[in-house]
Amino acid sequence: MQVIKSLSLSVSILCALSILLVSCEEQQKSTNEEKSTDLVNPEDWASIKALPLDPAIEAQIDDILPKLTLEQKVGQVIQADNGSITPEEVKKYRLGSILSGGNSAPGPLPYADTKTWLEMADQYYNASIDTEGVEIAIPTIWGIDAVHGHANLSGAIIFPHNVGLGAANNPDLIEKIMTVTAHELTVSGHDWTFAPTLAVPQDIRWGRSYEGFSENPDIVKSYGERIVYGLQGRFGEESFMGEGRVISSAKHFLADGATEKGVDQGDAKISEAELRDVHAAGYYSAIPAGVQTVMASFSSWQGRKLHGDKELLTDVLKGQLGFNGFVVGDWNGHGQVPGCTNIDCAQSLNSGLDMYMAPDSWKGLWESTLAHVKSGAIPMTRLNDAVRRILRVKIASGIFTKGAPSTRKNAGDKNLLGLPKNKAIGRQAVRESMVLLKNNDGLLPLDAMKTILVVGDGANSISKACGGWTLSWQGTGHTNEEFPNGESILAGIREAAKEAGGKVIFSANGDSNESADVVVAVYGEDPYAEFQGDLENLDFVPNGFDVGKLTKFRDKGIPVVSVFLSGRPLWTNPEINMSDAFVAAWLPGSEGGGISDLLFQRDPSYDFTGRLSFSWPNSAVFSEGDLNLFDLGYGLNYKSTSDVEKLSEESGLEDIVVASTGNFYGKGAPIAPWSLWLKSGDLSKQIGSFPTSVGGLIISKTDHEAQEDALRIKWTQSDGDQVRVSTASPTDMSRQSNGAMELTFSAKSFKGNDALVKISMGCDQDAPCNETLDITISGSDWQEYRISLSCFDKLGIDMTKISTALMITADGGVDIGLSHIRLESDIDAKPGCTGK
């Protein structure tokens, strides 16, 4: 989910002016005319008979609607993030829903325990049902991204990500997993999960590929209905939306997995036939199963933003596909519709969006939407239809009769988390999702009675095994202690060896010289989510563990088993060559013992049954139609006799000129080889997680153009504390300096008034940056600042040895945001040293 920061000017004041209202209406009309081109033929789509409406529910809605004020109706179509709204504001504005973003748990952490979650759930619920000033109050519903278990709840089971579950190809298992997820959501008081993801990823450079089950639409379709059954129960049965059930949301409608070059939130330049036959596959089963909500996609189709596409949201989804629940937006996705902002977008509601997801922009959006309804820009019939759909889902979910979250069954009982029978389902999911790609000479299963040397940074890291959307949005920086019911892969291996009388040696970096019978190496991708995981190519770049060390073990005659952790298939020919056996373990989650179950065949019935649901690349250069190393459906078992011969280690990148992008910090993370450092006096600290501090300097994440894509830096004392973007190996930027390049970044002052900061570059991590430029950061809004590299050259900085791309310091009390630090060409070639 993405965040684009709200404008500071109140739309309610502006739209009170008649001239602006006319302008807004004309802009709306113009945009609608632009979108009226007939590119969609709803009649060509499969027709789904709408599920029958419950007459009792419809009668209840008929009774409620006339009693709601206009302000209440507007409130129902808006959802705010719990990090940006108080219970008192929920009551005042009568918002229909609250969500918790990936880092928006109550308390100081991005996740919380059952008690903390439940206390906040009660506060919002009780505020929403307070009838002061209204004839009738509508309970709010609380949603969260429980995409592979309730991963923001301490102690919950973290299941394998969807990329692995697709390899399992077991609809029965998927329904069990979703039943457990719904059960654990009810413990924390949540009503709604933004799942399932029904994307059909076609370009696995996309950073959300692991949220997709398969590139094969048939697998996705087979899962759609079963996920809905697991979360909601079966429509028409007494258990539907009963105890232990939550509202589900099919997402992201539509073709989020088809964007050009796999760019997150990009454009799917595909035919309507492919849109319909491939990317809508999961909806053909989820909608008849009774999925209650559908989330609109950030992305576009043929240049048309889905959040503003009436033909797809209304004519196709609600018409031809018979969906009678409500459509919810994604994180400020409405603000990306042409002519819209985060706080003003009549077009989305008019196009068929029923509930705006406006995490931090909700108040301005409430004001502008109210003004649009009063002016007629949003017809009352459309508002009433959206509210009716929301009420239909709320009543069906039982929210009107369940009582406060703390009074419901399961609520607050942390002993119901990680139940042994549910952990067994998670462990089964790990076993069934693993795909054996290589097993030369029948190395697997291993003998647990032997001496096993375990190496690699993934072996003893539950966090790395879980990936993104785990405890926090990006899933980084978490320790095993933060998974009280979890088990690492190393722990599972030790358990197997202890049971059999074997011995385990652990050396994370692989430097151990102890004698061993076999090496098990656990390594792979570090956690990421959404756009931060987008790739330029499919080359696996080792991190945290030097895979080259595997050759020394094979040179000694010690066989090597690689357990590869990743959110997608990657070009790993060198790693496969260095391994006698190679297992694609994907992102298995918190039940690491499932890995050892198959490495050692801990039960005679166990065997590798996982099969690739995404083809495995034979080149690091993505190109549709290339020959695959391993095709869709490939996978070995213990008895497979075909050995994998030595693979070519030519990645395909050799003939591609890869120029430095000149990016130092973007999409919420430093870009290798650059990293973030804090320095206060003699203290120097590399930043590994957020929030963090050193001396009087506090740094955390904030939102600029996307969710948590920027830094927030606070100086609490005046002692020259520094933030640096540095690298261990100095870079020669003399050519860039002579070539009229500029150090460019976006920034704002959070104090509301301008802030003076000092900027420099060049010096290494231990030396002071005494040559600085004074830059004034505006307090009005985010602005771009550009400083010619020649300015630093003139200060006497050696541009041939740049270890720090940016150093920034300020006096106590300065509080600024900083994002997208990069080099850009100076278009007018006029050196500027003030940032303007």
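Analysis parameters
Residues numbered from 1 in each chain as written. Predicted model: local features only at pLDDT ≥ 70, side-chain atom pairs only at ≥ 80, totals over all residues. Heavy atoms only, no water. Helix = DSSP H or I, 4+ residues; strand = E, 2+ residues; numbered from the N terminus. Rg over C-alpha atoms; globule rule 2.2 N^0.38 Å. Buried < 20%, exposed > 50% of the residue type's maximum accessible area, 1.4 Å probe, protein only. Areas by Shrake-Rupley, 256 points an atom, 1.4 Å probe, with all protein chains shown as cover. Lys, Arg positive; Asp, Glu negative; His and termini not counted. Charge placed at Lys NZ, Arg CZ, Asp CG, Glu CD. Pairing = 2+ DSSP bridges. Contact = heavy atoms within 4.5 Å. Axes fitted to C-alpha atoms, helices over the stretch in contact; angles between N-to-C directions. Expected span 1.5 Å × (residues − 1). Salt bridge = Lys/Arg side-chain N within 4 Å of Asp/Glu carboxyl O. 1 Å grid on protein atoms, 1.4 Å probe; cavity = no way out; pocket = protein on both sides within 12 Å on 5 of 7 lines; lining within 4 Å. Points joined across faces, edges and corners; volume = space filled by probe spheres on them. Nonpolar A, V, L, I, M, F, W, Y, C, P; charged D, E, K, R; others polar. Parallel < 35°, antiparallel > 145°, perpendicular 65-115°, else oblique. Left-handed = near helix turned anticlockwise from the far one by under 90°. Core = buried A, V, L, I, M, F, W, Y, C linked by side-chain atoms within 4.5 Å. Right-handed = clockwise from strand over helix to strand, strands pointing away.

1. Remarks on the overall build of the protein
Turning to step 1, where the next piece is worked out: In terms of regular secondary structure, the protein is built from 23 helices and 33 strands.
Turning to step 2, where the next piece is worked out: Taken over the C-alpha trace, the protein has a radius of gyration of 27 Å; the compact-globule value for 836 residues is 28 Å, and the two agree within 12%.
Turning to step 3, where the next piece is worked out: Taking the principal axes of its C-alpha atoms as reference, the protein extends roughly 80 × 70 × 50 Å.
Turning to step 4, where the next piece is worked out: Here the protein holds 836 residues, and the buried ones make up 62% of them.
Turning to step 5, where the next piece is worked out: On the protein, roughly 30200 Å² of surface is accessible, and the fraction owed to carbon and sulfur atoms is 49%.
Turning to step 6, where the next piece is worked out: Of the charged side chains in the protein, 72 are positive and 109 negative, and the gap between their average positions amounts to 3 Å.

2. Some thoughts on the sheet that holds strand β11 (residues 356-357)
Turning to step 1, where the next piece is worked out: As summarised here, the arrangement of the five strands in space is β4-β3-β2-β1-β11, forming an open sheet in which the pairing is parallel. At either end of the open sheet lies a strand with only one pairing partner, and these are β4 (192-193) and β11.
Turning to step 2, where the next piece is worked out: Bridge count between strand β1 (residues 78-81) and β11: two bridges; the pairing is parallel. By the bridge assignment, isoleucine 78 is partnered in β11 with tyrosine 356.
Turning to step 3, where the next piece is worked out: Those strands touched by helix α14 (residues 362-375) are β1 and β11, and its axis lies near 165° from that of β1.

3. Things to note about helix α15 (residues 380-397)
Turning to step 1, where the next piece is worked out: Over its 18 residues, α15 runs 26 Å from end to end, which matches the ideal 26 Å to within 8%, given 1.5 Å per residue.
Turning to step 2, where the next piece is worked out: In terms of residue burial, α15 counts as a mostly covered element, since 13 of its 18 residues are buried.
Turning to step 3, where the next piece is worked out: Positive phi shows up at glycine 398, right after α15, with a value of about 85°.

4. Observations concerning the pattern of salt bridges
Turning to step 1, where the next piece is worked out: This model, assessed by the stated rule, comprises 47 salt bridges.
Turning to step 2, where the next piece is worked out: A salt bridge links arginine 304 to aspartate 309, with the nearest nitrogen and oxygen atoms 2.6 Å apart.
Turning to step 3, where the next piece is worked out: Assessed through its relative accessible area of 6%, arginine 304 is described here as buried.
Turning to step 4, where the next piece is worked out: Arginine 822 serves as the salt-bridge partner of glutamate 824, at 2.8 Å between the closest nitrogen and oxygen.

5. Quick notes on the layout of surface pockets
Turning to step 1, where the next piece is worked out: In this structure, the second largest pocket occupies an estimated 400 Å³ of space.
Turning to step 2, where the next piece is worked out: A breakdown of the residues in the lining of the second largest pocket according to their chemical character gives eight nonpolar, seven polar and five charged.

6. Some points on unusual backbone geometry
Turning to step 1, where the next piece is worked out: Here alanine 195 and proline 196 are connected by a cis peptide whose omega angle stands at 15°.
Turning to step 2, where the next piece is worked out: Positionally, proline 196 belongs in the loop between β4 and α9 (217-232).
Turning to step 3, where the next piece is worked out: Between lysine 251 and the following residue, histidine 252, the backbone shows a cis peptide bond with an omega angle of -10°.
Turning to step 4, where the next piece is worked out: Tracing the backbone shows histidine 252 in strand β5 (residues 249-253).
Turning to step 5, where the next piece is worked out: One non-glycine residue with positive phi stands out, namely arginine 94, at about 55°.
Turning to step 6, where the next piece is worked out: Tracing the backbone shows arginine 94 in the loop between α5 (87-93) and β2 (97-100).
Turning to step 7, where the next piece is worked out: Using a relative accessible area of 8% as the deciding quantity, one classes arginine 94 as buried.
Turning to step 8, where the next piece is worked out: Even without being glycine, asparagine 169 reaches a positive phi, approximately 50°.
Turning to step 9, where the next piece is worked out: Considering the arrangement of structural elements, one finds asparagine 169 in the loop between α7 (162-168) and α8 (171-188).

7. Some remarks on the packing of α8 against helix α16 (residues 420-433)
Turning to step 1, where the next piece is worked out: One way to put it is that α8 packs onto α16 with a least axis distance of 10 Å and a crossing angle of 140°. Compared by their axis directions, α8 and α16 come out oblique. Crossing handedness for the pair α8 and α16: left-handed. Of the residues in α16, those touching α8 at Leu173, Lys176, Ile177, Val180 and His183 are Asn422, Ile425, Gln428, Ala429 and Glu432.

8. Some details on the nonpolar core
Turning to step 1, where the next piece is worked out: By size, the foremost hydrophobic cluster in this structure holds 120 residues, and its most contacted members are Trp45, Val77, Ile78, Phe253, Leu312 and Tyr356.
Turning to step 2, where the next piece is worked out: Leave out the neighbours within four places in its chain, and valine 77 touches Leu349, Asp354, Met355, Tyr356, Leu383, Ala386, Val387 and Ile390.

9. Digging into the pairing of β2
Turning to step 1, where the next piece is worked out: Neither face of β2 is exposed, since Ser97 and Leu99 on one face and Ile98 and Ser100 on the opposite face are all buried.
Turning to step 2, where the next piece is worked out: Sheet topology note: the β1/β2 ladder contains three bridges and is parallel. Looking across to β2, one finds that alanine 80 is bridged to isoleucine 98.
Turning to step 3, where the next piece is worked out: Following the backbone out of β1, through α5 and into the adjacent parallel β2, one traces a crossover that is right-handed.
Turning to step 4, where the next piece is worked out: Summarising the sheet, β2 and strand β3 (residues 141-144) pair through four bridges and their orientation is parallel. Following the sheet pairing, isoleucine 98 is matched in β3 by tryptophan 142.
Turning to step 5, where the next piece is worked out: Between β2 and its parallel partner β3, the chain crosses via helix α6 (residues 114-128), and the hand of that crossover is right-handed.

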